[in-house]
Amino acid sequence: FFFSSRRRHTRQRSVSWARRCVQETVMELMRTDVYDIRLECGWALSNTVNYSNLKQTEWLLNMDIVSTLTRVLSFQEARILSVVLGAIEKLLERGIKFTTKEGVNPVALALDECGGLTAIEKLQLHPNTIIYKKCIKIVEDNVGVEEEEMTDKPADPLEMLMTHQIV
């Protein structure tokens, strides 16, 4: 019994190590300028995100998967965009578990810093409604509050008087 348990543990470690090596390689390949390679890497990394547990997600975040995935957001093919946006959405949801003391979701911060948020906002103009809806949801769920706070202006007393809001 001891031997088989130890053997299984060693096998699990080997598989885990092999997966990490493959993921690192895929993330490195994503930095190429070859469209087909980036397309396939986008699929592979999105699947990795979707099937990872919290510990694996933390490792992926440390490997800068957010900026790696955002490289696909310049594509126009709806299927890959949908898959990658789904992975980014999942990372944002899981990022809540890693929120800092200041209340900052590190995934949302990384997405903003690498230009991913800007790319997602641009994708709101994509002709595919599924892409549009995913982008709207990501922006509203993760930055909608900040945008609303920024657009709230102090009330102009003269305007309030003109609209009879002051009695």
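Residue numbering note: each chain is counted from 1, following its sequence as written. pLDDT decides what is reported in this predicted model: residues at 70 or higher carry local features, side-chain atom pairs at 80 or more are listed and counted, and totals for whole chains, interfaces and linings draw on all residues regardless. No hydrogens and no water enter the side-chain calculation; it runs on all heavy atoms of the structure.

**Focus: the packing of aromatic side chains**
Think of it this way: a Phe, Tyr or Trp ring, Trp meaning its six-membered ring, pairs with another when their centres are within 6.5 Å, and the plane angle makes it stacked under 30 degrees, edge-to-face over 60, tilted otherwise. Scanning the model with the defined rule gives 1 aromatic pair in all. Between Y35 and F75, the aromatic rings sit 4.5 Å apart at their centres with planes inclined by 40 degrees, giving tilted as the arrangement. Placement of Y35 in helix α2 (residues 35-50) and of F75 in the loop between α4 (65-70) and α5 (78-95) is noted, with a sequence separation of 40 residues between them. Secondary structure is summarised from DSSP: a helix means a run of H or I of at least four residues, a strand means a run of E of at least two, and numbering begins at the N terminus for each.

**Regarding the nonpolar core**
For the purposes of this section, nonpolar cores are sets of buried Ala, Val, Leu, Ile, Met, Phe, Trp, Tyr and Cys residues that join through side-chain atoms within 4.5 Å. For each residue, the accessible area found with a 1.4 Å probe, counting protein chains only, is set against the maximum for its type, and the residue is called buried under 20%, exposed over 50%, and partly exposed in between. One finds I65, L69, L73, I88 and I120 to be the most contacted residues of the largest nonpolar core, which totals 34 residues. Only α1 (2-29), α2, α3 (54-62), α4, α5, α6 (106-113), α7 (116-123) and α8 (129-151) provide two or more residues apiece to this core. At 8 residues, the largest contribution of residues to this core is made by α5. Here a residue-residue contact requires only that any non-hydrogen atoms of the pair lie within 4.5 Å. Not counting residues up to four positions away in its chain, the partners in contact with I65 are M27, L45, V49, L60 and L91.

**Some details on unusual backbone geometry**
A positive phi angle, near 65 degrees, is found at D64, a position not held by glycine. Counting through the fold element by element, D64 comes out in the loop between α3 and α4.

**What to know about a nonpolar patch on the surface**
On the surface, a nonpolar cluster with roughly 220 Å² of combined accessible area is contributed by L29, V34 and I37. Given a relative accessible area of 42%, V34 falls into the partly exposed group. Patch membership is restricted to residues that have no salt bridge and whose relative accessible area is over 30%. Joining uses 9 Å for like charges and 5 Å for the nonpolar side chains Val, Leu, Ile, Met, Phe, Trp and Tyr. Computed by Shrake-Rupley with a 1.4 Å probe, the accessible areas treat only the displayed protein chains as cover when residues are assessed. The rule for a salt bridge is simple: a side-chain nitrogen of Lys or Arg has to be within 4 Å of a carboxyl oxygen of Asp or Glu.

**Section: the side chain of S52**
By the element assignment, S52 lies in the loop between α2 and α3. Between N or O atoms, a polar contact is any pair within 3.5 Å; within protein, one atom must be a potential hydrogen donor and the other a potential acceptor, and residues adjacent in sequence are included only when both atoms are from side chains. Within the structure, the side chain of S52 is placed 2.9 Å from the backbone oxygen of V49, a separation counted as a polar contact. S52 has contacts with T57, L60 and R94, leaving out every residue within four places of it along the chain.

**Some points on the pattern of salt bridges**
Following the criterion strictly, the structure yields 3 salt bridges and no others. Across the pair R71 and D33 runs a salt bridge, and its minimum N-O distance is 3.6 Å. Note that R71 is positioned in the loop between α4 and α5 and D33 in the loop between α1 and α2, a separation of 38 residues in sequence. In this structure R71 comes out as partly exposed when scored by relative accessible area, which is 26%. On the accessibility criterion, D33 (66% relative accessible area) is exposed. If you follow the salt bridges from partner to partner, you end up with E89, K137 and D141 in one network.

**Comments concerning the environment of T48**
Relative to the helices and strands, T48 resides in helix α2. Taking the relative accessible area as the measure of exposure, T48 reaches 17% and is therefore buried. C-alpha separation for the pair T48 and Q23, spaced 25 residues apart in sequence, amounts to 8.1 Å. If we ignore the near neighbours within four places in the chain, the residues touching T48 are Q23 and L60.

**Things to note about the environment of N142**
By the secondary structure assignment, N142 is in helix α8. On the basis of relative accessibility, which here comes to 27%, the residue N142 falls in the partly exposed class.

**Some thoughts on α7**
For α7, the complete set of buried residues consists of G116, L117, A119, I120 and L123. Along the axis of α7, the buried positions cluster into a sector of 160 degrees, meaning they face one direction only. In this context, the arc is that of the directions from the helix axis out to the C-beta atoms.

**Considering α2**
Helix span, as expected, comes to 1.5 Å for every residue beyond the first. End to end, α2 covers 22 Å across 16 residues, agreeing with the expected 22 Å (1.5 Å per residue, within 8%). If you check which residues of α2 are buried, you get R38, L39, C41, G42, L45, S46, T48 and V49.

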